[in-house]
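Report on the structure
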Amino acid sequence: MADNREFFYRRLHSLLGVIPVGLFLTQHLVVNHFATKGEEAFNRAAGVMEGLPFRYLLETFVIFLPLLFHAIYGLYIAFTAKNNVGRFGHFRNVMFFLQRVSGVITLVFVAWHVWETRIQAALGAEVDFHMMADILSNPLMVGFYIVGIVSTVFHFANGLWSFSVSWGITISPRSQRIMTYITMVVFVALSVVGIRAILAFV
Amino acid sequence: MSENKTVRFMITRQDTMDSAPYEEEFVLPYRPNMNVISALMEIQRNPVNAKGEKTTPISWDMNCLEEVCGACSMVINGKPRQACTALVDKLEQPIRLAPMSTFPVVRDLQIDRERMFDSMKRIKAWIPIDGTYELGPGPRMPERKRQWAYELSKCMTCGVCLEACPNVNSKSDFIGPAFISLVRLFNAHPTGSMNRDERLNALMGDGGLQDCGNSQNCVQACPKGIPLTTSIAAMNRAATVQSFRNFFGSDHQVD
Ligand code: HEM
Ligand code: SF4
Ligand code: FES
């Protein structure tokens, strides 16, 4: 495997984008969606997650390290491309470009979001409904969060499409087209879940 | 009327391998059914630019003149394609010609496509049949599979798919779409498949198929209509299986 190191890293990057980071993203948005049922429902749902055993172990190995690897290697991948959407305006080339743009936006958003919530929590703040309501009392922040969530969800949904090509799950043009429809439904559905949750704090 | 019709060309030129490129404009008398090569030959006959100055004739590559050798590939009005089948009547003017930027320029529109030859050697794009004694006929290939493989075998290593790919550039070592499809072709051959693991492992080395980011420009650009993205996905599947075989060990390296 020694001379296939790059192959291994690329496949690891691809896998981590879905398992666990993509799964965590989905779970996170679903938990946040409890905010639409009121403050108490949200705090209870978030409390269940917070109360999981081995929480720091889980956070480190299921969220933090995989995300860090995917983000850093993803940044490297994004900047080795020489985008040419102007010359080749086909749908998939546009998606290729958007996958890279949304990755960078996601990185900025997630970094800010982790700073505002997890790091502040480590510094003694209480992470609950009020914290989010506080952050989102600023309309600029509402805009920033919506852009961030839509970009992250797009990146994940379109990433599911390329994941299925990278691992050789969808091979024929027809299977790839059907996967495009499926992943765009995922994009719309998760965007609705994410935005509804944000608006519930406003 | 048509006697006075002209065709305008804007050509990116470069005098030596490391000198700076510059643009030169040419205006030629129109002739019916002109293509880019015949226009370049016209300039060769009378190397005078649009300003009326005498200049050097333009250098370019060509061979078959019927879109089967791939030698005349260049960027025509922003799109990489073969000059010999680029009809002037179908092009917007001024017609812009430039060398394909993926390859080192030798002079003007002439490029060095050596990297593709190296890539063919790397992925073992051949079927080893030489032995020290007569091996007899190889296994037969089913006719329908032969017809299918024929489509993949149309690749003329023209380099257009490399030029179209956003991941083939000076910052990356990506081998490019054509060679991924060639591994599929040679691995599909009944005799070629006896070395399928060697080609797959070569394809999984640094700069191999994993560097594909699925922009799918290649399949749109390929003049031979080769299903490159289908080949890439199929090789991704084969590489996934191969990587497990390499890691865990397997009795099925070649079957
Ligand atoms: C919530 C965070 C993220 C999730 C859920 C996620 C998910 C994914 C998935 C599923 C893929 C598809 C893998 C494949 O093509 O096989 C992917 C690809 C990619 N990701 Fe992310 N990602 C996230 C964050 C980031 C960040 C922060 C960056 C940094 C710029 C990034 C950059 C990329 C790039 C460049 C690709 C394309 C890789 C390729 O074409 O081979 N991602 N991501
Ligand atoms: S696959 Fe098509 S575009 Fe690529 S080198 Fe072969 S013929 Fe040219
Ligand atoms: S000269 Fe052979 S493809 Fe144009």
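The structure contained in this document is the topic of the report that follows. Computed from a prediction, not measured in an experiment: that's the story for all the values here.

Here we take up the site of ligand 1. Near ligand 1 there are 26 residues, and of these A:Ser14, A:His70, A:Arg100, A:His155 and A:Ser162 occur at the shortest range. This site is not confined to one chain, since residues near ligand 1 come from chains A and B. Taking A:Arg10, its side chain carries an N or O atom lying 3.3 Å from an oxygen atom of ligand 1. A:His70 places a polar side-chain atom, nitrogen or oxygen, 2.7 Å from a nitrogen atom of ligand 1. Counting only elements with at least two residues in the shell around ligand 1, the list comes to helix H1 (5-32), helix H3 (55-80), helix H4 (91-122) and helix H6 (139-166) of chain A. A total of seven residues in the shell around ligand 1 trace back to one element, the largest contributor, which is H1(A). Looking at side-chain class alone, the shell around ligand 1 contains nine nonpolar, 15 polar and two charged residues.

Residues and elements named next belong to chain A. Bound to the iron atom of ligand 1 are the protein donor atoms His70 (NE2) and His155 (NE2), situated 1.9 to 2.0 Å from the metal. Considering all six donor atoms around the iron atom of ligand 1, the spread of angles at the metal, 86 to 180 degrees, places the coordination shape in the octahedral class. Residue His70 is found in helix H3, and its partner His155 is found in helix H6; the two are separated by 85 residues along the sequence. Pair check on accessibility: His70 and His155 agree, each one buried.

Turning next to the packing of aromatic side chains. Residue and element names in this part refer to chain A. Taken as a whole and assessed by the stated rule, the structure comprises 15 aromatic pairs over all chains. Residues Phe42 and Phe201 carry aromatic rings whose centres are separated by 5.1 Å and whose planes lie at 90 degrees to one another, so their mutual orientation is edge-to-face. A residue pair is termed long-range when its members are at least 10 positions apart, and Phe42 in helix H2 (residues 39-50) and Phe201 in helix H7 (residues 173-201) qualify at 159 residues. Accessibility classification places Phe42 together with Phe201 in one group, the buried group. Residues Phe154 and Phe187 carry aromatic rings whose centres are separated by 5.5 Å and whose planes lie at 90 degrees to one another, so their mutual orientation is edge-to-face. Of this pair, Phe154 sits in helix H6 while Phe187 sits in helix H7, and the two are 33 residues apart along the sequence. Side by side, Phe154 and Phe187 carry an identical accessibility label, which is buried. The lysine or arginine in question, Arg55, covers the ring of Tyr56, its NZ or CZ lying 5.3 Å from the ring centre. In this structure, Arg100 is placed above the aromatic ring of Phe96, and the distance from its NZ or CZ to the ring centre is 3.6 Å.

Turning next to a nonpolar patch on the surface. Residues and elements named next belong to chain A. A surface patch of nonpolar side chains, about 1,100 Å² in accessible area, is lined by Val48, Met49, Leu52, Phe54, Leu57, Leu58, Phe61, Val62, Phe64, Leu65, Leu68 and Ile72. Looking at the nonpolar patch, the element that brings in the most residues is H3, giving eight residues. By the secondary structure assignment, Phe64 is in helix H3.

All names here are of chain B. By nearness alone, 13 residues border ligand 2, and Cys155, Cys158, Gly159, Cys161 and Cys222 come closest of all. More than half of the atoms of ligand 2 fall within 2 Å of the grid points belonging to the second largest cavity. Each residue belonging to the shell around ligand 2 can be placed in one class, and the counts come to 10 nonpolar, two polar and one charged.

Attention now moves to empty space enclosed by the protein. Residues and elements named next belong to chain B. Scanning the entire structure with this criterion turns up two cavities of 30 Å³ or more. Here the largest cavity defines a volume of roughly 120 Å³. In this structure, the largest cavity is lined by 16 residues; those nearest its centre are Cys212, Asn214, Ser215, Gln216 and Ile232. Mapped onto the lining of the largest cavity, the elements with two or more residues apiece are helix H7 (217-221) and helix H8 (228-248). In terms of residue class, the lining of the largest cavity is built from nine nonpolar, seven polar and no charged. The calculated volume of the second largest cavity comes to roughly 90 Å³. Along the walls of the second largest cavity sit 13 residues, with Cys155, Cys158, Cys161, Cys222 and Ile226 positioned nearest its centre. A per-class count over the lining of the second largest cavity returns 10 nonpolar, two polar and one charged.

Parameters and conventions
- Each chain has its residues counted from 1, following the order in which its sequence is written.
- Chain A is the first chain written and ligand 1 is the first ligand written, with later ones labelled in order.
- Reporting of local features is limited, given that this is a predicted model, to residues whose pLDDT is at least 70; pairs of side-chain atoms are given and counted only at 80 or more, and all residues count toward the totals for whole chains, interfaces and linings.
- For the side-chain quantities, the full set of heavy atoms in the structure was used; hydrogens and water were omitted.
- Being near a molecule or strand, for a residue, comes down to having at least one heavy atom within 4 Å of it.
- We define a polar contact as two N or O atoms separated by no more than 3.5 Å, with the added condition that, inside protein, one atom must be a possible hydrogen donor and the other a possible acceptor, whereas residues neighbouring each other in sequence contribute only through side-chain atom pairs.
- Starting at the N terminus, helices and strands are each numbered in turn, a helix being any DSSP run of H or I of at least four residues and a strand any DSSP run of E of at least two.
- As a working rule, the residues Ala, Val, Leu, Ile, Met, Phe, Trp, Tyr, Cys and Pro are called nonpolar, Asp, Glu, Lys and Arg charged, and the rest polar, with Gly in that last group.
- Atoms of type N, O and S within 2.8 Å of a metal are treated as its donors, and for Na, K and Ca the window is 3.2 Å; water is not considered, so some sites may appear to be missing partners.
- Geometry is assigned from donor-metal-donor angles: four donors are tetrahedral when every angle falls between 85 and 135 degrees, four are square planar and six octahedral when opposite donors sit over 155 degrees apart with all other angles between 65 and 115, and any other arrangement is irregular.
- The buried label goes to any residue with under 20% of its type's maximum accessible area, the exposed label to any with over 50%, and the partly exposed label to all in between, with areas taken from a 1.4 Å probe on protein chains only.
- Only rings of Phe, Tyr and Trp enter the pairing, Trp through its six-membered ring, and a pair is recorded when the two centres are within 6.5 Å. The plane angle decides the type: under 30 degrees is stacked, over 60 is edge-to-face, the rest tilted.
- A ring has a charge above it when a Lys NZ or an Arg CZ is no more than 6 Å from the ring centre and no more than 35 degrees off the ring normal.
- Two joining distances apply to patches: 9 Å for like charges and 5 Å for nonpolar side chains (Val, Leu, Ile, Met, Phe, Trp, Tyr), and every residue must have over 30% relative accessible area and no salt bridge.
- For every accessible area listed, the method is Shrake-Rupley and the probe measures 1.4 Å; residues are considered covered only by the protein chains on display.
- By convention in these notes, a salt bridge is any Lys or Arg side-chain nitrogen within 4 Å of a carboxyl oxygen on Asp or Glu.
- With a 1 Å grid spanning the protein atoms alone, the term cavity applies to any set of points in which a 1.4 Å probe fits but cannot get out, the term pocket to an open set with protein on both sides within 12 Å along at least five of seven lines, and the term lining residue to any residue with an atom within 4 Å of a point.
- What decides whether a molecule sits in a cavity or pocket is whether more than half of its atoms lie within 2 Å of the grid points.
- Grid points are joined across faces, edges and corners, and a volume is the space filled by probe spheres set on the points.

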